Amino acid sequence: MSISENQMDKNHANTYRRKFLAQSAAVAGLAIAPGIVLNQVAHAKSDADKASSANRWGMLIDTNKCNKGCTDCVTACKTENAWGAGETHSSKEQQAQWIRKVTITDKQTGHVQSLPLMCQHCETAPCVDVCPTGASMKREDGIVQVDKHTCIGCRYCMMACPYKARSFVHEKIELQKPTAPRGIGTVESCNMCAHRVDQGQDPACVEACSKAEHGAMIFGDLKDANSAISKELKKHGGKQIRADLGLNTGVRYQGL
Amino acid sequence: MMSFRQFAKHLVILVGLTALPMLSNAGELGPVPPKAKMKASDKTECVEPVGVMRKNHMEFLLHKRDETMREGVRTKKHSLAECIDCHVTPNNKGQFARFGDDKHFCSSCHNFAAVNVDCFDCHSDLPEDAAKKLRSKKNPHQNMTEGGK
C-alpha cells in the first residue's frame, strides 16, 4: 500500500473525527431524550401527578343566560369553601368575597347585564407580580391562588387586582373545610376549586349553574382543542373583562 | 458551723420540697396523646414508625404542604387532613376535644412541650364529618345568599 504517512494520518483523523461526532451525538441525544415527550395522551390527573402546563384551566360565562337575581354560583362557592358566614365583626366591605354577582347597565341603551365575577386567573396576573413573599402564585396549569403558609397579609395583591377578586380575612375562622384552609391575617380568593379540578370535576359554581340548568358557565381545558370550552370559544369567541390590560385571563365572557 | 446532723436534716427537707412537684405527676412521665382510630394494627403500622413521626412529623408536613399547594399532588401519605382524620377521635360521649385542649391529639404533646404551632389558624382541627355537624349548628346563617358587596 503506497499511502503516504500524511495520508494515513488524515484517514486516522477522519476516523477519529467520525467516532467523536457519533459519540457526541449519542450523548446529546441521551441527555435530551427524557425531556422530549413525543405524544401526550390526555388523561385525568391522578393524586400523585403534579399539575402540568399541558393544561390551562379556564371558564366561559354567557351573560345572556345569567339571570340578574340568581346567585346559585355564589351560594355554591360559599358552601364548597365555607365562607360567607360567621364574620360578625366585619363590615360588608371587609367580609370575605370569592365570587360576586355584578350588574352592568349600559347608560346609552339601558341594557342591563348580570354576571358572576371571580378571580380571572390571568396569565400575567398582577397579584402574582406584586406579592413580596411569593404567596400569590400561579400553578403550572394556570390556576392562580394564595399560599397561605407564606402570605403575610400585606394586601398588595388586593390593591393590584383589577377585578377586586381578593379578600383579607379579618376575623378568626373556625371549622374550615379541609380542601379550603382559611385563616385570619391572610388573603384569599377563588382558586377555581383546585381540589375539585384535580379530581376531574368542575368548580362548584359551574356545577351549580349546570345542575340548575341555567347553562351560563362552562369550565374546561383551554389548551385542549377538543374540550367544550375551546370549541365554544372558537365558534362564538369570548371577551375578557378589562381586555385593555392585556392580562390574558382564563375566565372569558360572552354577551358583553 | 453546723453539725453534720443539721446538714443532713436540711438536705432531707430540701430534697423533699423539690420532689413535691414530681410526686404530683406520679405515674406520668410525659404527655399522653389520645388513641387514634384503629386504622393501624399490629400488622400494619401507621404512616411512619412512632419514633420517626415524633422526631420528623414537622418535616413531613412542611414538605407535603408545598407539594400539595404548589404542585397539586394530593396523595394521602403525610397529608395533614389524614392525620386529623385518624388521630382526632371523639370521647365515649361523642365529643371532640379542640386544639389547645390537652385532650386534642396535637396539643396533648404541644402543650407539654410548650411549642406553638399555627397550623390550626387556617386548618380545621377536626375531621370533616365532625366539623360539618358543628358548622350547621354553630351558624344559622350558613346559607346566606348575599355576601360581600
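Position numbers for residues count from 1 along each chain, tracking the sequence in the order it is written. Here chains are named by letter from A upward and ligands by number from 1 upward, in the order in which they appear as written. It should be noted that, the model being predicted, local features are given only for residues of pLDDT at least 70 and side-chain atom pairs only at 80 or more, the latter also being counted only at that level, while totals for whole chains, interfaces and linings use all residues. The side-chain values count all of the structure's non-hydrogen atoms but skip hydrogen atoms and water molecules.

### A few points about the side chain of Asp62 of chain A
Residue and element names in this part refer to chain A. If you trace the backbone, Asp62 turns up in strand β1 (residues 57-62). Buried means the residue's accessible area, taken with a 1.4 Å probe over protein chains only, is under 20% of the maximum for its type, while exposed means over 50%, and partly exposed covers the values in between. Residue Asp62 is classed as buried on the basis of its relative accessible area of 13%. In this description, contact between two residues means that some pair of their heavy atoms is separated by no more than 4.5 Å. Here Asp62 is in contact with Ala216 and Gln254, once residues within four sequence places are set aside. Secondary structure elements are taken from DSSP: a helix is a run of H or I of four residues or more, a strand is a run of E of two residues or more, and numbering for both begins at the N terminus.

### Structural notes on a nonpolar patch on the surface
A surface patch of nonpolar side chains, about 620 Å² in accessible area, is lined by Met2, Phe4, Phe7, Leu11, Leu14 and Val15 of chain B. Structurally, Leu11 of chain B is set in helix α1 (residues 4-24). The patch calculation keeps residues exceeding 30% relative accessible area without a salt bridge and links them within 9 Å when they carry like charges or within 5 Å when they are nonpolar (Val, Leu, Ile, Met, Phe, Trp, Tyr). Accessible areas in this description were obtained via Shrake-Rupley with a 1.4 Å probe; residue shielding takes into account the shown protein chains only. By salt bridge we mean one thing: a side-chain nitrogen of Lys or Arg within 4 Å of a carboxyl oxygen of Asp or Glu.

### Observations concerning the pattern of salt bridges
Residue and element names in this part refer to chain A. Counted under the stated rule, the structure contains 16 salt bridges over all chains. Close ionic contact of Asp198 with Arg139 constitutes a salt bridge, the shortest N to O distance being 2.8 Å. One end of the pair, Asp198, is in the loop between α5 (194-197) and α6 (204-211); the other, Arg139, is in the loop between β4 (136-138) and β5 (144-146), and 59 residues separate them in sequence. Using a relative accessible area of 4% as the deciding quantity, one classes Asp198 as buried. Between Lys148 and Glu188 there is a salt bridge whose closest N-O contact spans 3.9 Å. In this pair, Lys148 sits in the loop between β5 and α4 (156-160) while Glu188 sits in strand β7 (residues 187-188), placing the two residues 40 residues apart along the sequence. Owing to a relative accessible area of 18%, Lys148 belongs among the buried residues under this scheme. By relative accessible area, Glu188 is classed as buried at 0%. If you follow the salt bridges from partner to partner, you end up with Glu80, Arg196, Glu207 and Lys211 in one network.

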